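Structural overview for review
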2 protein chains.
Amino acid sequence: MVLDITAAAALLDPLGREPAEACRGERLNALMALGPDASRALRRALSRLLCDATLARQAAQFLAPIAGVELLSPVNIGDYTDFYASIFHATNVGRLFRPDQPLMANYKWLPVAYHGRASSIVASGAPVRRPRGQIRPSGADAPGYAPSARLDYELELGAFIGSASVSGQAVPIDQAESHVFGVCLLNDWSARDIQAFEYQPLGPFLAKNFATTISPWVVTLEALAPFRAPAFERPPEDPPSLPHLSSARNTAAGGLGIELQAHLVSSEMRAQGLGPLRLSRSRFDQMYWTLAQMIAHHTSNGCPLRTGDLLGSGTVSGPERRQAGCLLEITAGGAEPVPTPNGGARTFLEDGDEVILTGRCSREGFVPIGLGECRGTIMPAV
Amino acid sequence: MVLDITAAAALLDPLGREPAEACRGERLNALMALGPDASRALRRALSRLLCDATLARQAAQFLAPIAGVELLSPVNIGDYTDFYASIFHATNVGRLFRPDQPLMANYKWLPVAYHGRASSIVASGAPVRRPRGQIRPSGADAPGYAPSARLDYELELGAFIGSASVSGQAVPIDQAESHVFGVCLLNDWSARDIQAFEYQPLGPFLAKNFATTISPWVVTLEALAPFRAPAFERPPEDPPSLPHLSSARNTAAGGLGIELQAHLVSSEMRAQGLGPLRLSRSRFDQMYWTLAQMIAHHTSNGCPLRTGDLLGSGTVSGPERRQAGCLLEITAGGAEPVPTPNGGARTFLEDGDEVILTGRCSREGFVPIGLGECRGTIMPAV
């Protein structure tokens, strides 16, 4: 069920009413800008409302079955930054692009990131058109302009900025999470063949900016409090983080115990009534860098974060092949196809393929929390 | 003098009034979204107004001396893309970062670009704080976190998108310029030491996103019509552009004959009453890629451009050292300092240095057009 918060505002306790009014309109930006105290007050007020038998009966008129609700992109996104925070992903992908040096010298010192494109971020369910681009066949001198033949998904977590940071001021690591409103699922669709030709020296561009899909639900950090986890335990030979990227609190609880999955449904599987094929299953607490470290790094040069900015974590992969968060890793660059339940195989995505990302937190003694779904189906190139 | 267009709207001919009303508010986005016909009609109406002796007398009350006007950022910018379209700049810089391979294999096939940051774009005159970042001293294994010691400017042209493009649709090269509202000056401040450590494999990030300065005036493409120039003449050994990036019209007149300059005023020079030192002088028609090619490439994968998006051209450098558009090139990576008029020298920018970009078009028989100024002064790191 979906609750219409604005309609139910009069039923909320006084502290929850102002943030509830900020939910008016199509996007959450006004609520997000109010900061963590306001969203905490709203969450508490909503919880009281729905736990009180009398009030909940009154609120029932503002609940709608989710199946009848069209879910839009929740946030008006300003800047979108994509990190590269899984060392397993970076190593696996680096090995394919640069066998001599999979991991760059900077990787263990800073959370590598690049700016992505906000204009092509779409909500779950929007179709994804296969991009064309300049692709150079192996061994050829010249590229051609053709539909991507190596279209991939990337299983990521997204984080939305609530309170803005101040231009020129670095956010201290232990204040970093106060700028996070909440998280979503994010599919950073990637055309590997376009990427291979374009990405040097300034990074990925057209290989990524044709579409990025996010889940329409934002789960606040507060809701995730029971699922905090220690930061990734670095091997003793790795350098310690520089002071502005480290704190006792971050080491103890900078991680988030979210299990992420990616599933595939091809048009053949759909036609035959077959269920989805799980491609990826990984955990966000396996990331080399935490959300707090990403924000501390991002602002360490004074770069301002604004309400509604989106940070992608980068592909969430674990140490084992079945934990890899994209087909490039799973198929070792296309060399080892994945069998599908209908007797077919996949190296990269085909037209009609649907990719479904899910996320879930669970812990003994707590109600599990789902992150909703992030779906997209590949349409043929024009 | 500055004309208050909205206040003067009633004096305009009917076709100019609707676009004049769209100039209400702090930013030009509403006007830009109306497309090239509307801005052409407004330009024509304004020209008639100011050329008619009777009307011009009535309009005089809406003219204000520019010295008394605070110039803000003209546009609410969505996405900001920065290109790398000068082959002279790319070769000079590439040689410093990668002596073995200054120009990547893709350079002559596509206009290389990356996404920049919109949140830190400021208007001319805003101070620029020297960024801190992770810097690895030459020969060291580990980086430190320190103020940049190699802070640079980049002399660029910016282009604002007016009419949006359609998601999933490539813009044909001969329609590309209909999406450009106009141009400005752009200083892509760059911290070279931060850039050197962070930029692989995903491109520049914190080395650039602390600040980008734009001039507050937007000069429409129509105003630049008399200054069109042929596209850069490629050496015969270079590959011809792929069909979606080439057209007879682009070859004949895809260039813009804009002369760009960068000047330096240090605090010592200012104290001694010395005039500015010219650092760069280059021409936009020397760019390897035209604006139309940039837009055709940017949308070639279906990536949507929105009203208010900003494209940077990349540093505009010519073939000779004195035509180089940044200190990294001018000083050969800091090895050859530039003497300043007060007996000092510069490798990179020092605190108190002001950089002033200007642009100008001139042609026999036409009134020259200036692009205004793009200024920024370096403040000490915090």
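Here the focus is empty space enclosed by the protein. Evaluation of the coordinates by the stated rule reveals 10 cavities of 30 Å³ or more. Lining of the largest cavity is provided by 20 residues; of these, A:Leu202, B:Tyr84, B:Val93, B:Gln195 and B:Lys208 occupy positions nearest its centre. Within the residue set of the lining of the largest cavity, elements represented by two or more residues are β3 (80-83), α5 (87-97) and α6 (192-198) of chain B. Class assignment of the residues belonging to the lining of the largest cavity gives a composition of 9 nonpolar, 4 polar and 7 charged.

Moving on: the interface of chain A and chain B. With 55 residues of chain A in contact, the opposing surface of chain B contributes 55 residues. Both faces combined, the contact of chain A with chain B buries some 5100 Å², and carbon together with sulfur accounts for 60% of it. Joining chain A to chain B, the criterion identifies 4 salt bridges. Along the contact surface separating chain A from chain B lie 30 residue pairs in polar contact (both at pLDDT 80 or more). Going through the elements one at a time, β4 (113-115), β7 (132-135), β8 (144-147), α6 (192-198) and α9 (291-298) of chain A are the ones with two or more residues in the side of chain A that touches chain B. Ranked by residues supplied to the side of chain A that touches chain B, first place goes to β4(A) with 3 residues. Of the residues that constitute the side of chain A that touches chain B, the class distribution is 28 nonpolar, 18 polar and 9 charged.

Attention shifts here to the confidence of the model for chain A. Model confidence for chain A is summarised by a mean pLDDT of 97, while 100% of its residues fall at 70 or above. Here the predicted complex scores 0.97 on pTM and 0.97 on ipTM.

Take the nonpolar core next. A:Tyr153 and B:Tyr153 are the most contacted members of the largest nonpolar core, which has 164 residues in total. If you look at the next biggest cluster of nonpolar residues, it comprises 28 residues, including B:Ile5, B:Cys23, B:Ile121 and B:Leu186.

Moving on, we get to unusual backbone geometry. Residue and element names in this part refer to chain A. Pro201 follows Gln200 through a cis peptide bond whose omega is 5°. Assignment of secondary structure puts Pro201 in the loop between α6 and β13 (212-214). The phi angle at Ala332 is positive, at roughly 50°, despite the residue not being glycine. Tracing the sequence through the fold places Ala332 in the loop between α10 (327-330) and β20 (338-339).

Here the focus is the relation of the copies chain A and chain B. Least-squares fitting of chain A to chain B yields an RMSD of 0.0 Å, with the superposition described by an axial translation of 0.0 Å and a rotation of 180°. Both copies of the chain, as the preceding transformation shows, are related through a two-fold rotation axis. Measuring from the rotation axis to each C-alpha of chain A, the shortest distance belongs to A:Gly203, at 2.2 Å. Comparing interface residues between copies, 100% of those in chain A also lie at the interface in chain B; the contact surface is shared.

Below, the discussion takes up the sheet that holds strand β6 (residues 128-129) of chain A. Residues and elements named next belong to chain A. What the 5 strands build is an open sheet, ordered β6-β23-β22-β17-β18; its pairing is mixed. In the strand order of this sheet, the two ends are held by β6 and β18 (277-283), each with one partner. In this sheet, β18 lies alongside strand β17 (residues 259-265) in antiparallel orientation, the contact comprising 6 bridges. Bridging across to β18, Leu260 finds its partner in Ser282.

All right, on to the packing of helix α1 (residues 14-21) of chain B against helix α3 (residues 36-51) of chain B then. Each pair of packed helices can be described by the angle between their axes along with the distance between the axes. Residue and element names in this part refer to chain B. Axis separation between α1 and α3 bottoms out at 8 Å; the angle between their running directions is 115°. As the angle between them shows, α1 and α3 are arranged roughly perpendicular. The handedness of the crossing between α1 and α3 comes out as left-handed. Only Ala38, Ala41, Leu42 and Ala45 of α3 make contact with α1, whose side of the interface consists of Leu15, Gly16, Pro19 and Ala20.

Right, let's get into the pattern of salt bridges. Summed over the entire model, instances satisfying the criterion amount to 52 salt bridges over all chains. A salt bridge links B:Arg228 to B:Glu177, with the nearest nitrogen and oxygen atoms 2.6 Å apart. Separated by 51 residues along the polypeptide, B:Arg228 in strand β15 (residues 228-229) and B:Glu177 in the loop between β10 (155-161) and β11 (180-187) bring together distant segments of the chain. You can call B:Arg228 partly exposed: its relative accessible area is 26%. Put simply, B:Arg281 and B:Glu259 hold a salt bridge, and the shortest N to O gap is 3.2 Å. A residue pair is termed long-range when its members are at least 10 positions apart, and B:Arg281 in strand β18 (residues 277-283) and B:Glu259 in strand β17 (residues 259-265) qualify at 22 residues. In the salt-bridge network here, residues are joined through shared partners; they are A:Asp152, A:Glu154, A:Asp188, A:Arg192 and A:Lys208.

Another point: the packing of aromatic side chains. Inspection of every chain in the model, using the stated rule, returns 14 aromatic pairs over all chains. Centroid distance B:Tyr288 to B:Trp289: 5.6 Å. Interplanar angle 70°. Geometry classified as edge-to-face. Residue class for B:Trp289 comes out buried when judged on its relative accessible area of 1%. Connected via pairs of aromatic rings, a cluster forms that spans A:Tyr84, A:Phe88, A:Tyr107, A:Phe232, A:Tyr288 and A:Trp289. When the ring centre of A:Tyr145 is taken as origin, the NZ or CZ atom of A:Arg132, which lies over that ring, is 5.5 Å away.

On to the environment of B:Ala164. Residue and element names in this part refer to chain B. Looking at where Ala164 falls in the secondary structure, it is placed in the loop between β10 and β11. Each C-alpha atom, one on Ala164 and one on Arg281, is 33 Å from the other, the two residues being 117 residues apart in sequence. Not counting residues within four places of it along the chain, the set of residues in contact with Ala164 comprises His179, Leu305, Arg306 and Thr307.

Among the surface-exposed residues, A:Ile66, A:Leu71 and A:Trp217 lie close enough to one another that they form a single nonpolar patch of about 230 Å² accessible area. You can see A:Trp217 is positioned in the loop between β13 and β14 (219-220).

All names here are of chain B. Reading across the sheet, the 5 strands line up as β6-β23-β22-β17-β18 and stay open at both edges, with mixed pairing between neighbours. The open sheet has two edge strands with one neighbour each: β6 (128-129) and β18. Alignment of β17 against strand β22 (residues 354-361), held across 7 bridges, turns out to be antiparallel. Bridge pairing links Val265 to Glu354 in β22.

Turning to α1(B), a few remarks are in order. Residues and elements named next belong to chain B. For α1, the set of buried residues is Gly16, Pro19 and Ala20. In a view along the axis of α1, the buried residues occupy a sector of 105°, so they form one face of it. When the buried face of α1 is taken as reference, the exposed residues oriented beyond 90 degrees from it are Pro14 and Glu18. Those residues of α1 that are buried are in contact with α2 (29-33) and α3.

Analysis parameters
Residues numbered from 1 in each chain as written. Chains lettered and ligands numbered in written order. Predicted model: local features only at pLDDT ≥ 70, side-chain atom pairs only at ≥ 80, totals over all residues. Heavy atoms only, no water. 1 Å grid on protein atoms, 1.4 Å probe; cavity = no way out; pocket = protein on both sides within 12 Å on 5 of 7 lines; lining within 4 Å. Points joined across faces, edges and corners; volume = space filled by probe spheres on them. Helix = DSSP H or I, 4+ residues; strand = E, 2+ residues; numbered from the N terminus. Nonpolar A, V, L, I, M, F, W, Y, C, P; charged D, E, K, R; others polar. Contact = heavy atoms within 4.5 Å. Buried area = accessible area lost by both parts, 1.4 Å probe. Salt bridge = Lys/Arg side-chain N within 4 Å of Asp/Glu carboxyl O. Polar contact = N/O pair within 3.5 Å; in protein donor to acceptor, adjacent residues only side chain to side chain. pLDDT = per-residue confidence, 0-100. Core = buried A, V, L, I, M, F, W, Y, C linked by side-chain atoms within 4.5 Å. Buried < 20%, exposed > 50% of the residue type's maximum accessible area, 1.4 Å probe, protein only. Least-squares fit on C-alpha atoms with pLDDT ≥ 70 in both. Pairing = 2+ DSSP bridges. Axes fitted to C-alpha atoms, helices over the stretch in contact; angles between N-to-C directions. Parallel < 35°, antiparallel > 145°, perpendicular 65-115°, else oblique. Left-handed = near helix turned anticlockwise from the far one by under 90°. Phe/Tyr/Trp six-rings, centres within 6.5 Å; stacked < 30°, edge-to-face > 60°. Lys NZ or Arg CZ within 6 Å of the ring centre and 35° of its normal. Patch = residues over 30% accessible without salt bridge, like charges linked within 9 Å, V, L, I, M, F, W, Y side chains within 5 Å. Areas by Shrake-Rupley, 256 points an atom, 1.4 Å probe, with all protein chains shown as cover. Arc of directions from axis to C-beta.

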